[in-house]
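Remarks on the overall topology
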Amino acid sequence: MTTTNKAVLLVGDSPLYGELHQLITDRGYRVLSLEEAAVQPEAVSLAIEVNSVHLQAKEELIRKLDQLLVPAVPIVTTSLAITATETASWTKHPGRVCGFGTLAPLAERELIEIAPALQTEEAAVRATESFFQSLGKETERVEDEVGLVFPRILSLIINEAAFTLMEKTATPRDIDTAMKQGTNYPYGPLEWADRIGLDEIYAITRGLQRDLAEERYRTAPLLRKLVLANRVGVRSGQGFYTYDAKGGCGV
Amino acid sequence: MAMHTETVGVIGAGTMGAGIALVCARKGHKVKLLDTNQAVLDKALTYLQATLSKDVEKGRISDGQKAETLALVDFVSDMELLAVCDIVIEAVPERLDLKKNIFGGLSRICRSDALLLTNTSSISITEIAGGLPHPERILGFHFFNPAPVMPLVEVIRGTKSSEENVQRAYRFAEELGKVPVLVTDSPGFIVNRIARPYYNEALRILGDNLADVEKIDRIMKRAGGFKMGPFELQDMIGIDINFATTQSVYTDFFHEGRFKPSRIQQRMVQAGSLGRKTGEGFYDYNK
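The shown structure was predicted, so the numbers you read here are calculated from the model rather than taken from an experiment.

How each quantity is defined
- Residues numbered from 1 in each chain as written.
- Chains lettered and ligands numbered in written order.
- Predicted model: local features only at pLDDT ≥ 70, side-chain atom pairs only at ≥ 80, totals over all residues.
- Helix = DSSP H or I, 4+ residues; strand = E, 2+ residues; numbered from the N terminus.
- Rg over C-alpha atoms; globule rule 2.2 N^0.38 Å.
- Buried ≥ 20, exposed ≤ 12 C-beta atoms within 10 Å, placed from the backbone.
- Contact = placed C-beta atoms within 7 Å.
- Domains from an automatic or database assignment.
- Nonpolar A, V, L, I, M, F, W, Y, C, P; charged D, E, K, R; others polar.
- Pairing = 2+ DSSP bridges.
- Right-handed = clockwise from strand over helix to strand, strands pointing away.
- Axes fitted to C-alpha atoms, helices over the stretch in contact; angles between N-to-C directions.

Now for the overall build of chain A. Looking only at helices and strands, one finds 10 helices and seven strands in chain A. Computed over its C-alpha atoms, the radius of gyration of chain A comes to 18 Å, within 12% of the 18 Å expected for a compact globule of 251 residues. Judged by the C-alpha coordinates and their principal axes, chain A covers about 55 × 40 × 30 Å. The buried share among the 251 residues of chain A stands at 55%. In chain A, the proportion of contacts linking residues at least 24 apart, taken out of those at least 6 apart, comes to 64%.

What follows is about the domain arrangement of chain A. Frequently, the measure chosen for interface size is the accessible area that the parts lose on association. Residue and element names in this part refer to chain A. Partitioning chain A into structural domains gives domain 1 (7–141) and domain 2 (150–236). Just the C-alpha atoms count here: the centres of domain 1 and domain 2 sit 26 Å apart. Taken together, the 13 residues of domain 1 in the interface contact 14 residues of domain 2. In terms of residue class, the side of domain 1 that touches domain 2 is made up of eight nonpolar, four polar and one charged.

Mapped onto the elements of the fold, B:T251 is located in helix α11 (residues 239–252). In sequence terms B:T251 and B:P187 are 64 residues apart; their C-alpha atoms lie 8.9 Å from each other.

This brings us to the pairing of strand β8 (residues 179–184) of chain B. Residues and elements named next belong to chain B. Direction of pairing for strand β7 (residues 152–157) relative to β8: parallel, over a ladder of six bridges. Within the sheet, the bridge partner assigned to V155 lies in β8 and is L182. Tracing the backbone out of β7, into helix α6 (residues 163–175) and back to the parallel element β8 gives a crossover that is right-handed.

To continue, consider the interface of chain B and chain A. At the interface, 40 residues of chain B touch 38 residues of chain A. Secondary-structure elements contributing two or more residues to the side of chain B that touches chain A are β7, β8, α7 (191–194), α8 (196–207) and α9 (213–222) of chain B. Looking at side-chain class alone, the side of chain B that touches chain A contains 23 nonpolar, six polar and 11 charged residues.

By the assigned domains, chain B splits into domain 1 (7–184) and domain 2 (195–277). Computed from C-alpha atoms alone, the centre-to-centre distance between domain 1 of chain B and domain 2 of chain B is 30 Å.

So, about unusual backbone geometry. Of note, the bond from A:A104 into A:P105 is cis; its omega dihedral lies within 30 degrees of zero at -5°. With respect to the helices and strands, the residue A:P105 is situated in the loop between β5 (97–101) and β6 (111–116). For the peptide bond that leads from B:N145 to B:P146, omega is -5°, which places it in the cis range. A positive phi angle is found at A:N230, which is not glycine, with a value near 60°.

All names here are of chain A. Taken in spatial order, the seven strands make up an open sheet running β2-β1-β3-β4-β5-β6-β7, and their pairing is mixed. Looking at which strands have only one partner, the edges of the open sheet turn out to be β2 (30–32) and β7 (138–141). Averaged over all pairs of adjacent strands, the angle between their axes in this sheet comes to 30°, without regard to strand direction. In this structure, strand β4 (residues 75–78) lies alongside β5, joined through four bridges in parallel fashion. Within the sheet, the bridge partner assigned to V76 lies in β5 and is C98. Across the face of the sheet, helix α1 (residues 16–26) comes into contact with β1 (7–11), β2 and β3 (44–49) while running at roughly 175° to β1.

What follows is the structure, given as structure tokens:
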């Protein structure tokens, strides 16, 4: 994709925001905020929206993007906490809305999942795929459901680890050690959650529970409370573990 | 060599028991490897000889060391001979009646301060120890397959296990060169519980037609950094084994929805498509 002169509109408060901003800039795009795009909407070639926790804010942003940008501009939105189909339903031009999902840190993701909404037109899906490929990522299309594949499975592993910790069945260190040494996980689920952001994991389990309405997706009370207390992991200095100013692990 | 050597009884000379016997003997402990089936004991001896010969070929140990290690292992078929043991590790098939019977026998035969460990992945330690004299010395000691390779040991604290014995078992695992973790007796302990969504949720995603087997495996490896995808892993473990573990965790959690087994997996078990061992599972290995 040779859109180096083109600008990407990036909005949202997910932990993905900062990393996406960096990656997109590094790949030669201009990144615009909503305010910057408002005065030059014709410069925007693609918009990305990454809210997961605050769905009302997500809806307001999506509606603004839909009003601001001409229908040919794809709106790419995280479908971690809500389906792309529901997000598209908020717009006047749902054919340009396409879901995607991944988790921080992006440097460790070779592949990004793309989830077209039921309404998404093929051109918007292709544009989304080309865009992520231009960021150096492989893409894989999956059907639209909350959390896609990797974020959904990992969130439920982390949720189970949170239940195990809440019950004091084992310590955080032992839970992480067990999953790395007993079954070859790349990271322990609790240290992994601290790096991703507990708020992002919570948004996924809550979204699965909301949309699929099964006990299977019940969020561990400990996970919910940590997020409410803003102990979201490395980013806030505390999550399942406590971190010093350099991000080193203390407790 | 170990800081101090113990006499360790290992009950059951199958893959797990023979592997555990090897782990103990390599650290200089005397081992009494017990099985009532002579053919199984013979096979265990062959396995120990072959594995240690490979160590010699690769220059890890000398011929002399191989002979010394083998000489540490006694192959026995009479449980009464375990009376001399400081520690006994039971590694028979996962059947409660079998295990209860063995621990009943050990309670009678062994010294009251002998540590009695069960290598179970799914049976309650508390239930195995329930009603026996000195339940404080009965603990879970869960190795992962293959025992000589996988570093983890889950040290499982039953309701009546004493803290002193928990610490003893923990130190023993460290002396064996393993990485121990402590866990309170609960279904699936740590690993088999927290790993359930890796399989179960992948099966749900498959069943809901959100992505196919190859795609899910590829995503979990390329996006998630897992070494193996959930379906190739099930094929390797055995779909029947994986299904049985899920069922056991589900039952023991009193049908908590988070652990609900998958109908896809059930049908595959019913059809005899069990993974690599039958040549067909989620992938076809006959091609």
